[in-house]
Amino acid sequence: MQYHYIFGPVPSRRLGISLGIDLVTHKTCSMDCIYCECGKTTELTLEQKEYVPFNDVVKELDHFLTHHSDPDYITFSGSGEPTLNSCLGDVIDHVRSKRPYIKIAVLTNSTLILNPSVWQALLKADLVLPSLDAVSKKAFLKINRPHKGADAEEIAKGIEAFAKAFKGKIWLEVMILPGINDETSDLMELKEAIHRIKPDRLQINTLDRPGTLSDIKPASRSNLERISALFDFPNTEIIARVGEDVKAGIMREEIRGVIIETIHRRPCTKEDLLKILGVEKNMIDTCIDTLLQEKKIVGKSEKRGIFFQTIKEES
Ligand code: SF4
């Protein structure tokens, strides 16, 4: 079956093995952030509707769950703002009915968080990852280029109210772009909002691939560390890859390919792969399971354990 609305699963630095669900058409969002990895927003809207059909999404999801190992997380994200889809809550209910033990995460820019149906849908998740890059109007307009109906202070207040009502975890992400939203006065307003919201984790990020503007630059590690100290909030982590974190890059995008390449050259046990790739054990387990199911590799029992190797094609 060719999937249109689900993607992955991908090994994620933050969520383990995560299966993505994209509930909007490319590129539908209430913002047009200058750093967006999905490209320029073509439908800038605050209107909620069934951007992609509920029935088609759950059909794909059911097919995936029947034919693959369970992911650690099912994550709503993709090519725009997932809370714009009026069926978000129904899709979450469907996942819960099929696999109640799989965790559910929603990435959101929080523009609609005070909308009652969005509020109710998000309450059903295990993890909500709101982004908040600016509270000052000037910086908000510059970095997020929002729909004219969106207001940064309202968004911050909405996240704060939601965080009080929510029983799951909140990981608040702040994207920092030098010269755009890192003036001290902007950062101080953000700091106040962060301390009011009290997320379970504060995650500071910067650009790690091209955004929609060519002249924006990532913040340096030392700048991010300075900002982290200025925020002075417990449970803060810098999640930006900023150069040296090559291991995380491999984890996110290419682990399956790297496993195949590695064992094509030389059969390996899971322990060997753990040492070579340096990723979490559950990621190796899941990738090996899916490669075995897809008959791309086989395991052979030897003295030192099960050695995995690629299946040689008949010539
Ligand atoms: S809110 Fe997210 S999806 Fe929308 S433009 Fe910004 S980064 Fe892209």
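Rules used in this analysis
- Residues numbered from 1 in each chain as written.
- Predicted model: local features only at pLDDT ≥ 70, side-chain atom pairs only at ≥ 80, totals over all residues.
- Near = placed C-beta within 6 Å.
- Nonpolar A, V, L, I, M, F, W, Y, C, P; charged D, E, K, R; others polar.
- Axes fitted to C-alpha atoms, helices over the stretch in contact; angles between N-to-C directions.
- Helix = DSSP H or I, 4+ residues; strand = E, 2+ residues; numbered from the N terminus.
- Parallel < 35°, antiparallel > 145°, perpendicular 65-115°, else oblique.
- Left-handed = near helix turned anticlockwise from the far one by under 90°.
- Contact = placed C-beta atoms within 7 Å.
- Domains from an automatic or database assignment.
- Buried ≥ 20, exposed ≤ 12 C-beta atoms within 10 Å, placed from the backbone.
- Pairing = 2+ DSSP bridges.
- Right-handed = clockwise from strand over helix to strand, strands pointing away.
- pLDDT = per-residue confidence, 0-100.
- Arc of directions from axis to C-beta.

**Student:** An account of the site of the ligand is needed here, citing residue identities and associated values.
**Tutor:** Neighbouring the ligand are C29, M31, D32, C33, C36, C38, T41, G80, E81 and N109. Taken together, the residues of the shell around the ligand break down into 5 nonpolar, 3 polar and 2 charged.

**Student:** Before we move on, can you summarise the packing of helix α1 (residues 54-67) against helix α2 (residues 88-98) with the specific residues and values?
**Tutor:** The interhelical angle for the contact between α1 and α2, taken along N-to-C directions, is 25 degrees, at an axis separation of 11 Å. On the basis of the axis angle, α1 is roughly parallel to α2. Crossing of α1 against α2: the hand is right-handed. Residues F54, V57, V58, L61, D62 and L65 of α1 touch α2, and the partners they reach there are D90, V91, H94, V95 and K98. Classifying every residue of the contact of α1 with α2 by side-chain character gives 7 nonpolar, 1 polar and 3 charged.

**Student:** An account of the domain arrangement of the chain is needed here, citing residue identities and associated values.
**Tutor:** Here the chain is partitioned into domain 1 (6-234) and domain 2 (246-310). Of note, the centres of domain 1 and domain 2, computed from C-alpha atoms alone, are 31 Å apart. Between domain 1 and domain 2, the residue contacts involve 9 residues of the former and 11 residues of the latter. Going through the elements one at a time, β1 (6-12) and β2 (16-21) are the ones with two or more residues in the side of domain 1 that touches domain 2. Examining the composition of the side of domain 1 that touches domain 2, we find that 3 residues originate from one element, β1, more than from any other. Broken down by class, the residue content of the side of domain 1 that touches domain 2 amounts to 3 nonpolar, 4 polar and 2 charged.

**Student:** So what's going on with the environment of K303? Residues and values would help.
**Tutor:** Counting through the fold element by element, K303 comes out in the loop between β11 (297-302) and β12 (305-310). With 5 C-beta atoms counted inside 10 Å, the residue K303 sits in the exposed group. The spatial distance from the C-alpha of K303 to the C-alpha of A105 is 42 Å, given a sequence separation of 198 residues.

**Student:** Account for the pairing of strand β8 (residues 169-175), with residues named and values stated.
**Tutor:** Strand direction decides the pairing type here: strand β7 (residues 127-130) and β8, joined by 2 bridges, are parallel. Of the residues in β8, the one forming a bridge with V128 is I170. Taking the sense of rotation as the criterion, the β-α-β connection linking β8, helix α6 (residues 184-197) and strand β9 (residues 201-205) turns out right-handed.

**Student:** Which residues make up the sheet that holds β9, and what are the values?
**Tutor:** Spatially, β1-β2-β5-β6-β7-β8-β9-β10 is the arrangement adopted by the 8 strands of the open sheet, whose pairing is mixed. Sheet topology places β1 and β10 (236-238) at the edges, where each strand pairs with a single neighbour. Each neighbouring strand pair of the sheet contributes to a mean axis angle of 25 degrees, computed without reference to strand direction. In terms of strand pairing, β9 meets β10 through 3 bridges, oriented parallel. Bridge pairing in β10 places Q203 opposite E237.

**Student:** Quick rundown of the confidence of the model for the chain? Include the residues and the values.
**Tutor:** Summarising the model, the chain shows a mean pLDDT of 90, and 92% of its residues fall at 70 or more. Contacts from residues 244-250, a stretch scored under 50 in pLDDT, to residues over four places away or in other chains number 7 contacts.

**Student:** So, the environment of N282: which residues are in play, and what are the values?
**Tutor:** Summarising the element assignment, N282 is placed in helix α10 (residues 281-293). Between the C-alpha atoms of N282 and I17, which are 265 residues apart in sequence, the distance is 7.9 Å. Apart from the residues lying within four places of it in its own chain, the contact partners of N282 are G16, I17 and D72.

**Student:** Go over unusual backbone geometry, please, and point to the residues and values.
**Tutor:** Here the amide bond leading from H26 into K27 is cis, since omega sits at -5 degrees, within 30 degrees of zero. Locating K27 in the fold gives a position in the loop between β2 and β3 (28-29). Positioned with a positive phi, D232 is a non-glycine residue whose angle comes to about 50 degrees. A positive phi is found at N235, a non-glycine position, where the angle reads about 60 degrees.

**Student:** Quick rundown of helix α3 (residues 116-123)? Include the residues and the values.
**Tutor:** For α3, the full list of buried residues reads V118, A121 and L122. Down the axis, α3 shows its buried residues gathered within 95 degrees of arc, on one side only. Away from its buried face, by an angle of more than 90 degrees, α3 presents the exposed residues P116 and Q120.

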